[in-house]
Amino acid sequence: MDVVASRAEDFLVVLTEISVENVALIEEATLELEPGLNAITGETGAGKTLLATALQMLLGSRARSEAVRAGARKATVEGTFVLPPEVRGRILEDSLGDVADEVAEEEELVLRRTLTEDGRSRCYAGGVTVPVRALAALGRRLVSYHGQREQARLTEPAEQLAILDDFLEPAAARAKEERAGLWRSVEEDRRELEELRFSEEARLREVEFLRYQVSELEEAGYSAGEVAELSRERDRLRNVTDLLQAATSATFSLSSEGTGAVDSAAQAVSDLEHAARYDESLSGHARRLSGLVAELEDVLYELRAYVDELEADPGRLEVVEDRLAGLRTLERKYGEDVEGYLEQTRDRLGRLENFEGETRDLEKRIRDGEKRLEELAAEITAGRRAAADELAARVQDNLADLNLGKTVFRAELVPAQPGPSGVERVEFVIQPNPGEPELAVRRYASGGELSRIMLAIRLSQERVEPGATYVFDEVDAGIGGETATAVGAKLRDLGRRSQVLTITHLPQIASEAGCHVVVAKEESGGRTLTRVERVEGDGRRRELARMLSGRVDDASLAHASELLVEKR
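Bear in mind the structure is a predicted one, so any value in this text is a computation, not a measurement. (Residues numbered from 1 in each chain as written. Predicted model: local features only at pLDDT ≥ 70, side-chain atom pairs only at ≥ 80, totals over all residues. Heavy atoms only, no water.)

Each helix and strand in the protein was counted, giving 19 helices and 15 strands. Here the C-alpha atoms of the protein give a radius of gyration of 39 Å, more than 25% beyond the 24 Å that 2.2 N^0.38 yields for 568 residues. With the C-alpha coordinates aligned to their principal axes, the bounding extent of the protein is approximately 120 × 80 × 50 Å. Residue burial in the protein is summarised as follows: out of 568 residues, 45% are buried. Residue pairs in contact within the protein that sit at least 24 positions apart in sequence constitute 72% of those at least 6 positions apart. Of the accessible surface of the protein, which amounts to about 29900 Å², a share of 47% is contributed by carbon and sulfur atoms. (Helix = DSSP H or I, 4+ residues; strand = E, 2+ residues; numbered from the N terminus. Rg over C-alpha atoms; globule rule 2.2 N^0.38 Å. Buried < 20%, exposed > 50% of the residue type's maximum accessible area, 1.4 Å probe, protein only. Contact = heavy atoms within 4.5 Å. Areas by Shrake-Rupley, 256 points an atom, 1.4 Å probe, with all protein chains shown as cover.)

This is the structure we're talking about:
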């Protein structure tokens, strides 16, 4: 068998292993994957979708408690990725932000997510706890996931525009980003201008009201610093008796009238200085104690001054209480940040009083902004035309490889109501066969062909998703025969450049894979389990035989052998 000669180091991202524990019917399973094309097969209902669900959980998608296996306390999914050192740091920083610095610098990056039976989820990247949104951002950088629901998404105008805009050149992409920001700014100016232009009577009423508020606040002379100072003074005046008693007692203890702490300390200094003549080691103690004596004398002086000045003043206390009450009333009326409110009110009043000048400034800003928006829209439109040609050419090449060589694909720009992203929407259009009318992809009903069209479009995005691991979840629905062979060859070719995981029911596709995993359902101990096993040699041949005819017999085994021989 011709296994594509690929090595992990040749790829930007490789998912080497995924472990699943207690997810629905999967009690415990570990998949060891390879670079290149990996196929996952199994009977309908065996649990292939459960693997896809587990992988989506790992990549940060929404997880419900129903996903936890009955009787288990929690479900766990863990994936090991290999990233080259030259891109690892950038990918982690772009996805995790500051948390990226905490992730160990190793070649392997292990992502892990647990989900408890009551719906609580924990996410980890490199052993570091991260929010689920960060895990999802990292998952988008590592894996490009495509399932059957992609067909529905592909019909949405927003998704089609996002696909096209992925192909914008840097200048056009920057123009789109600038227009989005400028659009928000102009819209804000428009709302502000509308507010200024409301009825003259209402404007005058607001001016009068704001003038009253500004006058009240300015006359009050509110200051947060004054409130704090008055609060301290009020506390002092309310407790003057206790303060006087405490300060007097402390003064008495320090002075010679009392225990004479200052005199005692001074005497100790003298005694030590005298003794130091005989033992120099005491001089250090004498110097330290001398400093304390000076400090005690300062404290005694200041306490005496404090006692002389401290006196009960009922009149002053009343004044302080009244002033504080007035300032507190203003805080209740205007909020804790009275000074900030006054500044905002003055600003609003100034704009209303300067109505004509403010209106002129806003009108000019809006005119200038609208002119720039038109310039940016023209630049974006030109960029989208070029992007549409490139996308169409890439999709056309892929369609030819998928047995749809006669199908014509176009990305048509359709004028739309101006918005933040430009003045057009995009419509993906196909002509199934020569001579037939063109149809919008969203109106196309052929499931098999729509699957291939979606695949062709997604494969065209390889330029903007370089090196990511691709996951295709049964995107081959509705096809078979020669077309299935073509799809398998296309996925094999993609596997030469990027790791690919495909969940498939087609033997033509599975036979192209270098790694083949089979999912099977079995009963053990009265419970249904899903078993996951990598198959090689005869085991793989038997699985392909089952996929070919629904049974394993000499004819199907011979056909399976032929499929494998063709890949040698």
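Attention shifts here to the side chain of T114. Locating T114 in the fold gives a position in strand β5 (residues 108-116). Not counting chain neighbours up to four residues away, the residues in contact with T114 comprise K74, A75, T76, R120, S121 and R122.

Let's shift gears to the side chain of T41. Here T41 is to be found in strand β3 (residues 37-42). Discounting chain neighbours no more than four positions away, the residues touching T41 are K48, T504, A510, H516, V517, V518, V519, E543 and M547.

On to the packing of helix α5 (residues 157-165) against helix α14 (residues 355-401). Contact pair α5 / α14: the axes reach a minimum separation of 9 Å and the direction vectors enclose 90°. With respect to each other, α5 and α14 are oriented roughly perpendicular. Each of L161, I163, L164 and D165 in α5 lies in contact with α14, whose residues at this interface are R384, A387, A388 and L391. Looking at side-chain class alone, the contact of α5 with α14 contains six nonpolar, no polar and two charged residues. (Axes fitted to C-alpha atoms, helices over the stretch in contact; angles between N-to-C directions. Parallel < 35°, antiparallel > 145°, perpendicular 65-115°, else oblique. Nonpolar A, V, L, I, M, F, W, Y, C, P; charged D, E, K, R; others polar.)

The sheet built from six strands is open, its strands ordered β2-β1-β4-β5-β6-β7 with antiparallel pairing. Because the sheet does not close on itself, it has two edges, and the strands there are β2 (26-32) and β7 (128-130). Neighbouring strand axes in the sheet, compared pairwise and without regard to direction, differ in orientation by 15° on average. Of the pairings in the sheet, the one linking strand β6 (residues 121-125) to β7 comprises three bridges and is antiparallel in character. Across the sheet, residue A125 finds its bridge partner in β7, namely V128. Lying on the sheet, helix α3 (residues 132-142) is in contact with β4 (74-82), β5, β6 and β7; it crosses β5 at an angle near 135°. (Pairing = 2+ DSSP bridges.)

Moving on: empty space enclosed by the protein. This model, assessed by the stated rule, comprises one cavity of 30 Å³ or more. Considering only enclosed or pocket space, the largest cavity measures out at about 90 Å³ in volume. Taken together, I18, L31, L33, I40, L51, A52, L55, Y145, V471, L501 and I503 make up the lining of the largest cavity. Of all the secondary structure elements, the ones that give two or more residues to the lining of the largest cavity are α1 (48-58) and β13 (500-503). Top contributing element to the lining of the largest cavity by residue count: α1, with three residues. For the lining of the largest cavity, a count of residues per class yields 11 nonpolar, no polar and no charged. (1 Å grid on protein atoms, 1.4 Å probe; cavity = no way out; pocket = protein on both sides within 12 Å on 5 of 7 lines; lining within 4 Å. Points joined across faces, edges and corners; volume = space filled by probe spheres on them.)

For the rest of this paragraph, the subject is the pairing of β3. Within β3, six of the six residues are buried, which leaves it mostly tucked inside the rest of the structure. Of the two faces of β3, the one carrying L37, A39 and T41 and the one carrying N38, I40 and G42 are both buried. Relative to β13, β3 runs parallel, the two being bridged by four bridges. Its bridge partner lying in β13, N38 is registered against L501. Both β3 and strand β14 (residues 515-524) contribute to a ladder of five bridges, which runs parallel. What sits directly across from I40, in β14, is V517.

Topologically, D308 is positioned in helix α11 (residues 282-309). Given a relative accessible area of 66%, D308 falls into the exposed group.

Our focus in this paragraph is the sheet that holds strand β10 (residues 422-431). The antiparallel open sheet is built from three strands, whose spatial order is β9-β10-β11. Looking at which strands have only one partner, the edges of the open sheet turn out to be β9 (408-419) and β11 (439-440). Seen against the sheet, helix α6 (residues 170-196) touches β9 and β10 and runs at an angle of roughly 25° to β9.

This brings us to helix α18 (residues 537-549). An ideal rise of 1.5 Å per residue puts 18 Å on 13 residues; α18 measures up with 19 Å between its terminal C-alpha atoms. Considered for burial, the residues of α18 that qualify are R540, E543, L544, A545, R546 and M547. Looking one or two places after α18, you find G550, whose phi comes out positive at around 85°. (Expected span 1.5 Å × (residues − 1).)

Core analysis: the largest hydrophobic core is formed by 53 residues, its most contacted members being L96, L111, L138 and L142. Sorting elements by how many residues they give to this core places α1 first, with seven residues. Excluding residues within four positions of it along the chain, L142 makes contact with V13, F81, L83, I91, L109, L111, A468 and T469. Among the nonpolar cores identified, the runner-up in size contains 50 residues, and F409, I430, I457 and A484 belong to it. (Core = buried A, V, L, I, M, F, W, Y, C linked by side-chain atoms within 4.5 Å.)

A surface patch of like charges, here negative, comprises E93, D98, D101, E102 and E105. By the element assignment, D101 lies in the loop between α2 (85-96) and β5. (Patch = residues over 30% accessible without salt bridge, like charges linked within 9 Å, V, L, I, M, F, W, Y side chains within 5 Å. Salt bridge = Lys/Arg side-chain N within 4 Å of Asp/Glu carboxyl O. Lys, Arg positive; Asp, Glu negative; His and termini not counted. Charge placed at Lys NZ, Arg CZ, Asp CG, Glu CD.)

Right, let's talk about the pattern of salt bridges for a bit. Tallied over the entire structure, the rule returns 34 salt bridges. D189 is paired through a salt bridge with R365; the nearest N and O atoms lie 3.0 Å apart. Linking D189 in helix α6 with R365 in helix α14, this pair joins segments that are 176 residues apart in sequence. Each of D165, K176, R384 and E424 takes part in salt bridges that share partners, so that together they form one network.

Below, the discussion takes up the environment of P415. Mapped onto the fold, P415 is located in strand β9. In the structure, P415 is positioned 129 residues away from A286 in sequence and 93 Å away in space, judged by C-alpha atoms. Once residues lying within four places of it in the same chain are set aside, the contact partners of P415 are V423 and E424.

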